Amino acid sequence: MFKPCLNQDLYLYRMIYIKAVLYKSKKLKNGEHPIMLRIIKDRKVQYLSTGKSCSPKMWSTKNNLPRSSHPLFREYSILIGKKKVEAEKIILEHENSDTSFTGDQLKVVLKKKRNKSETVFNCFLNFISRMKDSGQIKNSLVYKDALRELKKFTLEKDLEFHQIDVAFLNRYEEFMKKCNLGPSTIYLYLRTLRALFNKAIEENYCDKACYPFSKFSLAKYAKIKTAKRAISKIEIKKIEKLKFSEDSSLYHAKNIFIFSYYNWGINFVDIAHLKWKNIKDNRLTYRRKKTKENFTIGMLHPAIRILKYYRKSQTNDGFIFPILNEVHDTPLKVENRLKKILRQINKDLKEIALLAGIDEKLTTYVARHSFATIMKKSGVSNSIIKETLGHDSEKTTQIYLDDFENAVLDNATKALL
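Residues numbered from 1 in each chain as written. Predicted model: local features only at pLDDT ≥ 70, side-chain atom pairs only at ≥ 80, totals over all residues. Heavy atoms only, no water.

(A) Representation of the pairing of strand 8 (residues 283-287) within the structure. The alternating pattern of strand 8 places L284 and Y286 on a buried face and R283, T285 and R287 on a face that is not buried. By the bridge criterion, two bridges tie strand 7 (residues 279-280) to strand 8 in an arrangement that is antiparallel. The residue of strand 8 that forms the bridge with I279 is L284. In sequence, strand 7 turns back onto strand 8 through a hairpin of two residues, with D281 there showing a positive phi of about 50°. (Buried < 20%, exposed > 50% of the residue type's maximum accessible area, 1.4 Å probe, protein only. Helix = DSSP H or I, 4+ residues; strand = E, 2+ residues; numbered from the N terminus. Pairing = 2+ DSSP bridges.)

Structure follows, in structure tokens:
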């Protein structure tokens with residue numbers, strides 16, 4: 001009868017050893033190493049991924065498990081235990097049938113069992129959960145939306161990875177077009193599905209042979225540019241002249257829009273996180289959430305007037321605008337709050353546009369586009385405009401950050417007045 005050896009992390013039958021190890025020969029994008037099952041048969045070593053990863057400092061070489069202080073210690077321990085039980089079960093089956101098998105065969109059987117249980121929907125949910133745990137809330141929401149759309153197409157029927165081929169993608173693409181989704185949205189969902197495949201292949205949930213995107217190109221979507229909306233300086237002045245009650249949501253929506261326009265098109269997320277300590281001597285200094293770039297802006301008097309209203313008795317540790325507060329103490333709470341408030345502000349901006357006689361659909365992002373367009377029409381060079389906006393390309397941004405000083409930028413933005 002088969003019996004596990006005294007070391008619970010090591011199983012032996014006919015010279016086959018199975019042990020959980022941290023595979024340090026490979027480093028993942030998150031800086032961690034994969035947790036693998038090491039299979040040794042006749043001195044030949046095979047590795048099978050568990051789909052999980054861990055940093056060396058959070059891994060116990062004594063117990064061959066994550067340390068108890070690891071935030072996902074229980075989840076990972078259970079998963080590793082299940083994998084070992086699967087291997088032990090296969091060994092017992094072969095012992096009972098008195099058949100021999102190799103380490104390669106054991107790996108293939110385990111991999112097939114795993115791939116069978118890891119459906120496309122399950123993989124989506126797995127990665128969404130991991131993103132939430134690591135604070136990647138926005139990415140988790142993108143994956144959640146992509147999964148929701150895929151479920152609509154399949155009528156909630158789950159899929160194996162091999163079922164998604166080029167023909168499937170063509171039908172899915174056509175389905176989204178019939179649902180009146182825009183090119184940018186279709187591109188986002190397809191790109192997310194492609195990213196899921198890449199992650200699944202990397203972590204052995206899916207075989208490379210199943211990958212359909214080598215023949216289904218997304219290049220046509222990558223070339224599509226979102227239409228840039230902007231309003232004129234005259235229209236900005238019309239908005240500024242509108243009067244609203246201070247307890248009205250329209251009042252705050254107008255202030256946030258105008259504040260963004262006069263401060264280099266600062267986006268809504270960064271406005272929401274601004275605190276009074278970011279303001280000193282009429283200068284706004286902050287780090288952009290999206291690109292991690294540092295900005296320091298000499299504020300113009302319309303923006304300073306807006307701040308005077310909100311200053312009142314607030315402390316330096318307090319948020320400037322009534323968007324976030326101490327209740328929003330987790331990344332998920334912050335993200336949900338931002339989505340809720342942004343939806344309300346953009347709704348209010350539509351009403352503000354009507355009251356100001358502006359035909360353009362007004363959103364917080366229009367302030368950013370308007371800032372850039374008006375600067376351009378005022379004769380400001382493209383290089384200075386790119387700097388004030390903070391270009392997405394790190395290399396491009398760095399070039400401009402090295403070339404211009406704050407005084408030049410401050411003088412340039414006076415064209416907005």
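(B) Quick look at the side chain of S260. One can find S260 in helix 9 (residues 249-262). For S260, a relative accessible area of 3% corresponds to the buried category. Engagement of the side chain of S260 in a polar contact is seen with the backbone oxygen of I266, the distance being 2.7 Å. Not counting the four nearest positions on each side in its chain, S260 is found in contact with G265, I266, I271, T364, A367 and R368. (Polar contact = N/O pair within 3.5 Å; in protein donor to acceptor, adjacent residues only side chain to side chain. Contact = heavy atoms within 4.5 Å.)

(C) The arrangement of the pattern of salt bridges in detail. A full pass over the atoms with the stated rule returns seven salt bridges. Two residues, E75 and K52, come together in a salt bridge whose shortest N-O distance is 3.1 Å. Here E75 is found in helix 1 (residues 73-97), whereas its partner K52 is found in strand 4 (residues 44-54), with 23 residues between them in sequence. For K52, a relative accessible area of 6% translates into the label buried. As a salt-bridge pair, K220 and E173 come within 2.9 Å of each other at their nearest N and O atoms. Of this pair, K220 sits in helix 7 (residues 219-222) while E173 sits in helix 5 (residues 166-178), and the two are 47 residues apart along the sequence. Residue E173 is classed as buried on the basis of its relative accessible area, which comes to 6%. (Salt bridge = Lys/Arg side-chain N within 4 Å of Asp/Glu carboxyl O.)

(D) Up close: unusual backbone geometry. Even without glycine at this site, W264 takes up a positive phi of about 60°. When you line up the elements, W264 lands in the loop between helix 9 and helix 10 (268-273). Using a relative accessible area of 3% as the deciding quantity, one classes W264 as buried.

(E) Region of interest: the packing of aromatic side chains. All told, the structure shown has 19 aromatic pairs when counted by the stated rule. Measuring from centroid to centroid gives 5.8 Å for Y211 and F213, while their planes differ by 55°, and the two rings are tilted. Overall, Y211 belongs to the partly exposed group, its relative accessible area being 23%. Ring pairs connect the aromatic residues F161, F197, Y211, F213 and F216, which therefore count as one cluster. The aromatic ring of Y187 is capped on one face by R191, whose charged end is 4.9 Å from the ring centroid. It is K199 that lies over the ring of F127; its NZ or CZ is 5.7 Å from the centre. (Phe/Tyr/Trp six-rings, centres within 6.5 Å; stacked < 30°, edge-to-face > 60°. Lys NZ or Arg CZ within 6 Å of the ring centre and 35° of its normal.)

(F) Structural detail: the sheet that holds strand 9 (residues 294-298). Pairing is antiparallel in the open sheet, where three strands are placed in the order 7-8-9. Here the strands that pair on one side only, and so sit at the sheet edges, are strand 7 and strand 9.

(G) Layout of the nonpolar core. Among the nonpolar cores identified, the biggest contains 62 residues, and F257, F259 and F321 are the most heavily contacted of them. A total of nine residues in this core trace back to one element, the largest contributor, which is helix 9. Not counting residues up to four positions away in its chain, the partners in contact with F257 are I231, I236, I239, L349, L362, T363, T364, V366 and A367. (Core = buried A, V, L, I, M, F, W, Y, C linked by side-chain atoms within 4.5 Å.)

(H) Local environment of the environment of K292. Within the secondary structure, K292 is located in the loop between strand 8 and strand 9. Relative accessible area serves as the criterion here: at 47%, K292 is assigned to the partly exposed category. Within polar-contact distance, the side chain of K292 engages the backbone oxygen of K289 at 3.2 Å.

(I) Spatial organisation of the packing of helix 13 (residues 364-377) against helix 14 (residues 382-389). For the pair helix 13 and helix 14, interaxial distance at closest approach is 10 Å and the crossing angle is 160°. Taken together, the axis directions place helix 13 and helix 14 in an arrangement best described as roughly antiparallel. Crossing of helix 13 against helix 14: the hand is right-handed. Within the contact between the two elements, helix 13 uses R368, F371, A372, M375 and K376 and helix 14 uses N382, I385, T388 and L389. Class assignment for the residues of the contact of helix 13 with helix 14 results in five nonpolar, two polar and two charged. (Axes fitted to C-alpha atoms, helices over the stretch in contact; angles between N-to-C directions. Parallel < 35°, antiparallel > 145°, perpendicular 65-115°, else oblique. Left-handed = near helix turned anticlockwise from the far one by under 90°. Nonpolar A, V, L, I, M, F, W, Y, C, P; charged D, E, K, R; others polar.)

(J) Expanded view of the state of the cysteines. Scanning the model with the defined rule gives zero disulfides in all. Here C210 is not disulfide-linked; the sulfur of C206 is the nearest cysteine sulfur, at 4.4 Å. (Disulfide = S-S within 2.5 Å.)

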